[in-house]
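Descriptive analysis of the structure
Here are the chains, one letter per residue:
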Amino acid sequence: MVAGERITFIEGKLVVPDRPVIPYIEGDGTGPDIWQAAVKVFDRAVRLCWNGKRRIIWKEVLAGEKAFAETGKWLPPETIRAFREYRVGIKGPLTTPVGEGIRSLNVALRRELDLYACVRPVRHFPGVPSPVREPQKVDMVVFRENTEDVYAGFELEEGRKETRDLMEYLLRAHGWKIRPDSGIGIKPISKSGSRRLIRAAIEYALLKGRRSVTLVHKGNIQKFTEGAFQKWGYELAKEVYRHEIVSWEECDGNPPQEKILIKDAIADIFFQQTLMRPEEFDVIATMNLNGDYLSDALAAQVGGIGMAPGGNINYEGGYALFEATHGTAPKYAGLDKVNPSSVILSGAMMLEYLGWPQAAVRIGKGLEKTFASKKVTYDLARLMDGAEEIPCSRFAELVCDNMEE
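This report concerns the structure included in the present document.

Calculation notes
Residues numbered from 1 in each chain as written. Predicted model: local features only at pLDDT ≥ 70, side-chain atom pairs only at ≥ 80, totals over all residues. Heavy atoms only, no water. Axes fitted to C-alpha atoms, helices over the stretch in contact; angles between N-to-C directions. Helix = DSSP H or I, 4+ residues; strand = E, 2+ residues; numbered from the N terminus. Parallel < 35°, antiparallel > 145°, perpendicular 65-115°, else oblique. Left-handed = near helix turned anticlockwise from the far one by under 90°. Contact = heavy atoms within 4.5 Å. Nonpolar A, V, L, I, M, F, W, Y, C, P; charged D, E, K, R; others polar. Buried < 20%, exposed > 50% of the residue type's maximum accessible area, 1.4 Å probe, protein only. Pairing = 2+ DSSP bridges. Salt bridge = Lys/Arg side-chain N within 4 Å of Asp/Glu carboxyl O.

**Focus on the packing of helix H9 (residues 267-276) against helix H10 (residues 288-301)**
Interhelical geometry of H9 versus H10 gives an angle of 15° and a closest axis separation of 11 Å. The orientation of H9 relative to H10 falls into the category roughly parallel. Of the two elements, H9 crosses H10, and the hand of that crossing is right-handed. Where H9 approaches H10, its residues Ala267, Phe270, Phe271, Thr274 and Leu275 are matched on the opposing element by Asn290, Tyr293, Leu294, Ala297, Leu298 and Gln301. Looking at the contact of H9 with H10 residue by residue, the class counts come to eight nonpolar, three polar and no charged.

Have a look at this one:
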């Protein structure tokens, strides 16, 4: 076994050795199939770019059904420690245990590691079937706040004493009349959490030469949570980025070429706008629930959730966990059938995050050529005229071959 080294974070920058140790969770259901396919693509891309000088040393860690079968725990503490020690990791889809204490393994991992930014790039690959006429116009990156909002899990069940006690207090203190047969959830949106997420979105836009940052919210109704998110975003832009960013009002929607436009949109109308004029949007910053809906809806425009990469990142500490964004699809487990593109693209995101963009570009080119060949997995083949359905493993082999050309 080749020895690897830990990734470190010094003075706000990731320091990546030539042989970094990367922990991975292969995932449940179809997870092993797509992981075995994807890791071949990652290793081939790195080898083609650096001819052995660089190499990822993979370290399996456990979560989900495999962890429960081997350890009796859905998320062993050793897994959290490994991600903390090695800082950057990747995972396949995980089952959410029914009737267990963990609400969601994905949410638990994000919370334990304070991975506050869920980053979801969405773009179309030529030839991939889409339900919209011009999917090539979709090129956005969603920054979804990952730790607050209704996903914080602050809920009380209908009919319980503590739920009635809270209702009585809210009636006495605020005059809030809540139906007695209600469950109650608390939606926290903090200034600090909002600002660090919006800062990450702005920094990304500046680094990547993007044109605009849109704050997506429902502040017309939820004034002190989502409305505050919008307000704090504009305040941050004015306080910290006044030389790089300009608001819509300041430039009448036409920013100088050297500046990025910051604007906002109400969440419900934003869904319509991304369908009718997606070219007007670039980097999106939003809260947890909005971001969940929005990133999946945008993925549908470019071919579906199987084409959607994702990364959960703490930019303040350098921690990151990249992932397949779809479910486990257990009925296809072990059939070598499902599309591995989501985890492959998430791995490309990881390579770019490590500062190895050459390998990420190789993977993108390999996928483009493979989709153009119309030799694809069943989910795409059934929607493509003249396509040839191939297994998951064969798809990965073609991507590897197409990276070499």
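**Structural notes on the environment of Gly303**
Residue position: Gly303 is located in the loop between H10 and strand E14 (309-314). Taking relative accessible area as the criterion, Gly303 reaches 23% and is therefore assigned partly exposed. Not counting residues within four places of it along the chain, the set of residues in contact with Gly303 comprises Val128 and Pro129.

**A few points about the sheet that holds strand E4 (residues 57-60)**
Strand order in the open sheet formed by 11 strands is E4-E3-E5-E15-E14-E6-E7-E13-E10-E12-E11, and the pairing between neighbours is mixed. Taken across any chain shown, the strands that pair with only one partner, and hence form the sheet edges, are E4 and strand E11 (245-247). Adjacent strand axes in the sheet meet at a mean angle of 25°, parallel and antiparallel pairs treated alike. Here strand E3 (residues 21-25) pairs with E4 via four bridges, running parallel. Bridging from a neighbouring strand, Tyr24 pairs with Glu60 of E4. Along the sheet, helix H6 (residues 191-208) contacts strand E6 (117-123), strand E7 (139-145), strand E10 (212-217), E11, strand E12 (260-266) and strand E13 (283-286); its crossing angle with E7, the most-contacted strand, is approximately 160°.

**Some points on the pattern of salt bridges**
Applying the stated rule across the entire model yields 29 salt bridges. Note that Arg54 is salt-bridged to Asp18, the shortest N-O span being 3.4 Å. Pair noted here: Arg54 is in the loop between helix H1 (31-50) and E4 and Asp18 is in the loop between strand E2 (13-15) and E3, with a separation of 36 residues, a long-range link. For Asp282, the salt bridge is made with Arg211, and the minimal N-O distance between the two is 3.4 Å. In this pair, Asp282 sits in the loop between H9 and E13 while Arg211 sits in the loop between H6 and E10, placing the two residues 71 residues apart along the sequence. Overall, the relative accessible area of 1% leaves Asp282 in the buried class. Classification of Arg211 as partly exposed rests on a relative accessible area of 47%.

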